[in-house]
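Remarks on the overall topology
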Amino acid sequence: MRTTNNTILITGGSSGVGLALAKRFLLLENKVIITGKDSGELEVVKKNFPEMIVLVGDLTEQNSIDELVSIIEQEYPEINILVNSAAVQYNYDILDEPNFLSKADHEISLNFSVPLKLTGSLLPTLLKNKNSAIVNVSMDQLIVPKSSAAVYCATKAGVQSFNNSLKLQLEGTQVKVFEIISTLINTPMTVGSDKSLMEPDKLVDKFISDFYNN
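First, a word on scope: everything that follows refers to the structure included in this document.

Each value, and the rule that gives it
- Residues numbered from 1 in each chain as written.
- Predicted model: local features only at pLDDT ≥ 70, side-chain atom pairs only at ≥ 80, totals over all residues.
- Heavy atoms only, no water.
- Helix = DSSP H or I, 4+ residues; strand = E, 2+ residues; numbered from the N terminus.
- Buried < 20%, exposed > 50% of the residue type's maximum accessible area, 1.4 Å probe, protein only.
- Contact = heavy atoms within 4.5 Å.
- Core = buried A, V, L, I, M, F, W, Y, C linked by side-chain atoms within 4.5 Å.
- Axes fitted to C-alpha atoms, helices over the stretch in contact; angles between N-to-C directions.
- Parallel < 35°, antiparallel > 145°, perpendicular 65-115°, else oblique.
- Left-handed = near helix turned anticlockwise from the far one by under 90°.
- Nonpolar A, V, L, I, M, F, W, Y, C, P; charged D, E, K, R; others polar.
- Expected span 1.5 Å × (residues − 1).
- Arc of directions from axis to C-beta.

**Here's the deal with the side chain of S64**
- Residue placement: S64 occurs in helix α3 (residues 62–75).
- On the basis of relative accessibility, which here comes to 16%, the residue S64 falls in the buried class.
- If near-sequence neighbours (up to four positions away) are discounted, S64 is found in contact with G57, D58 and L59.

Below is the structure:
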């Protein structure tokens, strides 16, 4: 895959793995568009990286997805790479969490439904452009689930299953499908963890190498 001169949309690009990917792709001379819910975080990214295109929106809301897709199709029709990185993890015991349903709904929506919706909405455009790819960010906790993050782990397992099926369905097209299976990464999501954490840049190093060689 070509690692330069692409137009790339990265969800959850204001922090964590999404931001690390955005910075690396920008360094490789790509046009990088990131989304995020927190306008303050996006303003900081824009200040530090003026070339980055930032779009604010809560993608768990259908109107925000519709607006994002419309902007991409009208202003950046050359888009050829979609990176689904946005995610949220809540830690709780289902028996004791009074807001279980609302938290679970948010995790399922952002972690699982949003990647599916964006993939389906932008796939026709990706199929028209060369060197196209869809990248979904997963996690190794789907193999050995974390007891306090049952819904998060389930959504990541769902993303992997969807990714595998999507790869099979898109065989024979010019759209390649990739999955980033990360270990515990040093991001805002893992603040307070007592386990060994990988820096996001190291994960990105490995992904870019695999991406380039496929």
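**Re the nonpolar core**
- With 27 residues, the main nonpolar core has I10, L21, F25, V32, I34, F207 and F211 as its most contacted residues.
- It is helix α1 (residues 16–27) that contributes the most residues to this core, seven residues altogether.
- With 25 residues, the next largest nonpolar core counts I53, L68, Y76 and L118 among its residues.

**Looking at the packing of helix α4 (residues 100–128) against helix α5 (residues 150–169)**
- One way to put it is that α4 packs onto α5 with a least axis distance of 10 Å and a crossing angle of 15 degrees. Accordingly, the angle class assigned to the pair α4 and α5 is roughly parallel. In this structure, the crossing between α4 and α5 has a hand that is right-handed. Here F100, A104, E107, I108, N111, F112, L116 and T119 of α4 come into contact with α5, specifically with V151, Y152, T155, G158, V159, F162 and L166.
- Of the residues assigned to the contact of α4 with α5, the class counts are ten nonpolar, four polar and one charged.

**A word on helix α6 (residues 200–212)**
- When the terminal C-alpha atoms of α6 are compared, their 18 Å separation across 13 residues agrees well with the 18 Å that a helix rising 1.5 Å per residue should span.
- Of the positions making up α6, those classed as buried are P200, L203, V204, F207, I208 and F211. Buried residues of α6, viewed axially, fall in a sector of 130 degrees; they line one side. Across from the buried face of α6, at angles greater than 90 degrees, the exposed residues are K202, K206 and Y212.

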